[in-house]
Amino acid sequence: MIFADPRESRIYLGVACAEALAHAPLNSLPFEVGAIRDALHLSASTTGMLATLELGAYAITNIIVSPFIHRLPIRRFALVGGSVALLATFLTGFTDNIVVFGIARALAGAGFGCILGAASAAGAAALVPERAYSVGMGVSIIFGIMIPQILAHLMHFMNIGPIALLPHSGVFLGIACITAPLIPTMLFLPERTANPIERQIVDPAMRPSRHAVVAAIAVMIFFSVAVFSMYTFIEREGNALGMDTVQVANMLSVAVGLGIMGTVASTWLGCRVGLTIPLVAGLAVQGISCLVTAMCTSSSQLWLVSIINMATWYFVFPYIMGLGAALDRSGRLPTAVGAAYVVGSSVAAPLAGFFV
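Thresholds applied
Residues numbered from 1 in each chain as written. Predicted model: local features only at pLDDT ≥ 70, side-chain atom pairs only at ≥ 80, totals over all residues. Heavy atoms only, no water. Core = buried A, V, L, I, M, F, W, Y, C linked by side-chain atoms within 4.5 Å. Buried < 20%, exposed > 50% of the residue type's maximum accessible area, 1.4 Å probe, protein only. Helix = DSSP H or I, 4+ residues; strand = E, 2+ residues; numbered from the N terminus. Phe/Tyr/Trp six-rings, centres within 6.5 Å; stacked < 30°, edge-to-face > 60°. Expected span 1.5 Å × (residues − 1). Arc of directions from axis to C-beta. Contact = heavy atoms within 4.5 Å. pLDDT = per-residue confidence, 0-100. Polar contact = N/O pair within 3.5 Å; in protein donor to acceptor, adjacent residues only side chain to side chain. Salt bridge = Lys/Arg side-chain N within 4 Å of Asp/Glu carboxyl O. Patch = residues over 30% accessible without salt bridge, like charges linked within 9 Å, V, L, I, M, F, W, Y side chains within 5 Å. Areas by Shrake-Rupley, 256 points an atom, 1.4 Å probe, with all protein chains shown as cover.

A. Structural detail: the nonpolar core. M220, F223, F228 and W313 are the most contacted members of the largest nonpolar core, which has 101 residues in total. Ranked by residues supplied to this core, first place goes to helix α15 (residues 299-327) with 14 residues.

What follows is the structure in structure tokens.
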């Protein structure tokens, strides 16, 4: 039984809630990008650079804390991060000052980054980290289904169009309303990572090699660049194929919902066949699906390949995180790998904008 151990169950629940909250700004990225671009009539490349502001703070926070995350009280760390993200997101929704907007989004990115770092470190404390990250990704799928619907319908209901930089923006107030009820669930996180890691921290022989660390981080960066290059501008691609914003939201909700097949597969499989086979097979399918997504010529093709892309995305992610945990159970490397995930997403936005 996966949840037979009460301590394991609590870790899984804490990681699940933290992962769901940490992925909220990533799930909303296509609507933020579309809103900013339409409101300011910006080019795709300029919009991508603006999106990088929040994602850059998101990633930098993880990079800074990863060397000493094992010494932090990760539960309180996540609570503080969530509070900062909530206040900054509310401020974004009510400001029409571009400078305040930029500062608020950077603060929100830092806050969400704290939560992602806490989730990454907490997952390494589980007996089977791959399963902890799989369960976490599975719960985040529920919010991945809700977020496109909430944001698309808020924008339509308020009858102000996709405007992100004016007061009462539906996009950012929607993100704030999703964030608020999830903050108290950070209490499910363990206060510290597992005790057995203390020997690993002291004994240099048990630390991962530099080559292994670089390899794990590189795998996550390339994976993240691939999936977020497609995801960031998929709302724009849907529009080009004749789909409106609500239709794109419906497509993403279905694709993310069916993506749970990937987390079910990775949760069931766990580490039964090791890490290499699932990673190689999953990354190959992911790369092919990203290529086909970029070549779609009809909305039906986009629907099908989006489902395959999401299912593979949610299968591969826990294994890359599990690779970090297998190399370093202290939570430091998993946190750095989680940071690489956001670094890749922040690079993907301007890179995809350039190609678009």
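B. Local environment of the packing of aromatic side chains. Scanning all chains against the criterion turns up five aromatic pairs. Ring geometry for F315 against Y319: centres 5.3 Å apart, planes inclined by 50°, an arrangement best described as tilted. Of this pair, F315 and Y319 both sit in helix α15, separated by four residues, roughly a single helical turn. By relative accessible area, Y319 is classed as buried at 1%. Taken together, the aromatic side chains of F228, W313, Y314, F317 and Y341 make up a single cluster linked through ring pairs.

C. Summary view of helix α14 (residues 276-294). The end-to-end C-alpha separation of α14 is 27 Å, in line with the 27 Å expected for 19 residues at 1.5 Å each. Of the positions making up α14, those classed as buried are P278, L279, G282, Q286, S289, C290 and T293. In an axial view of α14, the angular spread of the buried residues amounts to 105°, which keeps them on one side of the axis. Turned more than 90 degrees away from the buried face of α14, the exposed residues are T276, I277, V280, I288 and L291. Buried residues along α14 sit in contact with α10 (210-232), α11 (234-240), α13 (260-269) and α15.

D. Here's a closer look at the confidence of the model for the protein. In the predicted model, the protein carries a mean pLDDT of 79, and the fraction of residues at 70 or more is 85%. Mean pLDDT across the secondary structure elements of the protein bottoms out at helix α9 (residues 197-202), with 42, and peaks at helix α5 (residues 74-94), with 90. Low confidence marks residues 195-203, where pLDDT is under 50. Its contacts with residues over four positions away, or in another chain, come to 15 contacts.

E. Highlighting the side chain of H23. As for its position among the elements, H23 is in the loop between α1 (6-22) and α2 (24-27). Within the local environment of H23, its side chain forms a polar contact with the backbone oxygen of E19, the two atoms lying 2.8 Å apart. H23 has contacts with Y58, M137, F317 and Y341, leaving out every residue within four places of it along the chain.

F. Highlighting α10. The end-to-end C-alpha distance of α10 is 32 Å, a good match for the 33 Å that 23 residues give at a rise of 1.5 Å each. Of the positions making up α10, those classed as buried are A212, A216, M220, F223, S224, V225, V227, F228, S229, M230, Y231 and T232.

G. Region of the structure containing the pattern of salt bridges. By the definition in use, this model includes one salt bridge. Two residues, R105 and E54, come together in a salt bridge whose shortest N-O distance is 3.0 Å. Residue R105 is found in helix α6 (residues 98-123), and its partner E54 is found in helix α4 (residues 44-65); the two are separated by 51 residues along the sequence.

H. Quick look at a nonpolar patch on the surface. A grouping of V80, V84, I98, V99, I103 and L107 is seen on the molecular surface, where their side chains present a nonpolar patch of about 530 Å² in accessible area. Looking at the nonpolar patch, the elements with two or more residues in it are α5 and α6. With four residues, the single largest contributor to the nonpolar patch is α6. Position of V99 among the secondary structure elements: in helix α6.

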